[in-house]
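Chain by chain, the residues run as shown.
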Amino acid sequence: EPLLEGMLVFHYLRRRLRLWQLALVALPVTLLTFGVLNFYRFVVVGQVAGTPTSVSDVTDRVSAASDYLTKSGKAGGSSRGSALQQMMDRSTGVDALALIIKYTPKPNPFAYGRDLLQLPLSFIPRQLWKGKPVQTGGSYFEIEYEGLPPSYRAYTSIQLISDMYRNFSFFGVIGGMFAIGAGLRYFYVSCAPYRANPAGTFLYAAFLPIAVHCLEQTVSATVMSIVEFFFLLLATGAFLGIRLRKESFRRARFGLSRSSRLRVWQ
């Protein structure tokens, strides 16, 4: 995410990046992220050595991960031969959606937004409510749809589109994706990320990776993440001295031209 944010800022404020330049940076980083880092997290830490508690522990686990990858060996009974195989074996949103459609509404009924009704409880700090229930859409998906035991905790990504179907069938998918598209367009027009508008570029670059990451979450988790990040973004902007005008968000609804939007931000 930091790399993507930096590339967005460079693209809009310095020089437009070409497609081949994006691919030159994105492909190795994707291979590293979904391959090597996932191998370290889920095999070396999750199955073999456990969570590191010191710098020396981290060094040992990184060394073990390197040995497993270079030797294409087996770790913890799970064959993870290479970083490329790690990336190809990653669970996809299509798999989750297929299971949701297959087992909804029978034997699992539609949720009809039940998780959203409990959303206000999520904003209560756990320090004030020690017994607050832990809500994880991934855990529910693993137990009810994948048939895994309750003790299993892999935090599987149920995916946003799958959760929309789980709540309101295809009407939820169509309406939800339309709302997301309209919201992203409104946000882009409001930010107007261009060279003469560094404040809008800051907001756009900071928020877009979070919005993409939310595609792996449930609807309720997405709403909570966006609300929390929005307030954090406002606090960061205030600390950096960024001043936003309400007029820009009002005019964004009417699709102003680029020059008009820049004048609003200036």
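The structure this text deals with has already been given above.
Here is a short report on the structure shown in this document. (Residues numbered from 1 in each chain as written. Predicted model: local features only at pLDDT ≥ 70, side-chain atom pairs only at ≥ 80, totals over all residues. Heavy atoms only, no water.)

1. Topic: the environment of isoleucine 180
Part 1 of the reasoning: Position of isoleucine 180 among the secondary structure elements: in helix H9 (residues 160-191).
Part 2 of the reasoning: Expressed as a C-alpha distance, the spacing of isoleucine 180 and alanine 211, which sit 31 residues apart in the sequence, is 9.6 Å.
Part 3 of the reasoning: With near-sequence residues (within four places) excluded, isoleucine 180 lies in contact with Leu160 and Met164. (Helix = DSSP H or I, 4+ residues; strand = E, 2+ residues; numbered from the N terminus. Contact = heavy atoms within 4.5 Å.)

2. What about unusual backbone geometry?
Note: most peptide bonds trans; most residues except glycine with negative phi.
Part 1 of the reasoning: Residue proline 105 is reached from threonine 104 by a cis peptide bond, and omega for that bond is 10 degrees.
Part 2 of the reasoning: As for its position among the elements, proline 105 is in the loop between helix H5 (93-102) and helix H6 (114-117).
Part 3 of the reasoning: Located in the positive-phi region is glutamine 159, a residue other than glycine, with phi close to 75 degrees.
Part 4 of the reasoning: Mapped onto the elements, glutamine 159 comes out in the loop between helix H8 (137-144) and H9.
Part 5 of the reasoning: In this structure glutamine 159 comes out as buried when scored by relative accessible area, which is 13%. (Buried < 20%, exposed > 50% of the residue type's maximum accessible area, 1.4 Å probe, protein only.)

3. Quick word on the packing of aromatic side chains
Two measures describe an aromatic ring pair: the distance that separates the ring centres and the angle between the ring planes.
Part 1 of the reasoning: Within the structure shown, the criterion is met by eleven aromatic pairs.
Part 2 of the reasoning: Between phenylalanine 141 and tyrosine 145, the ring centres sit 5.7 Å apart and the planes meet at 25 degrees, which makes this aromatic pair stacked. Note on accessibility: phenylalanine 141 and tyrosine 145 belong to one class, buried.
Part 3 of the reasoning: Centre to centre, the rings of phenylalanine 230 and phenylalanine 231 are 6.0 Å apart; their planes meet at 75 degrees, and the pair counts as edge-to-face.
Part 4 of the reasoning: With relative accessibility at 43%, the residue phenylalanine 230 sits in the partly exposed group.
Part 5 of the reasoning: Site record: aromatic cluster; members linked through ring pairs are Tyr12, Phe187, Tyr188, Tyr204, Phe207 and Phe229. (Phe/Tyr/Trp six-rings, centres within 6.5 Å; stacked < 30°, edge-to-face > 60°.)

4. Observations regarding the pattern of salt bridges
Side chains that differ in charge, positive against negative, can pair when their charged atoms come close.
Part 1 of the reasoning: Evaluation of the coordinates by the stated rule reveals two salt bridges.
Part 2 of the reasoning: Salt-bridge contacts for arginine 166 lead to aspartate 115; the nearest nitrogen and oxygen are separated by 2.7 Å. Remark: aspartate 115 occurs in helix H6 and arginine 166 occurs in helix H9; sequence separation between them is 51 residues.
Part 3 of the reasoning: Exposure remark for arginine 166: the relative accessible area of 5% places this residue in the buried category.
Part 4 of the reasoning: Residue class for aspartate 115 comes out partly exposed when judged on its relative accessible area of 22%.
Part 5 of the reasoning: Among the ionic pairs, arginine 166 bridges to aspartate 163, the shortest N-O distance being 2.9 Å. (Salt bridge = Lys/Arg side-chain N within 4 Å of Asp/Glu carboxyl O.)

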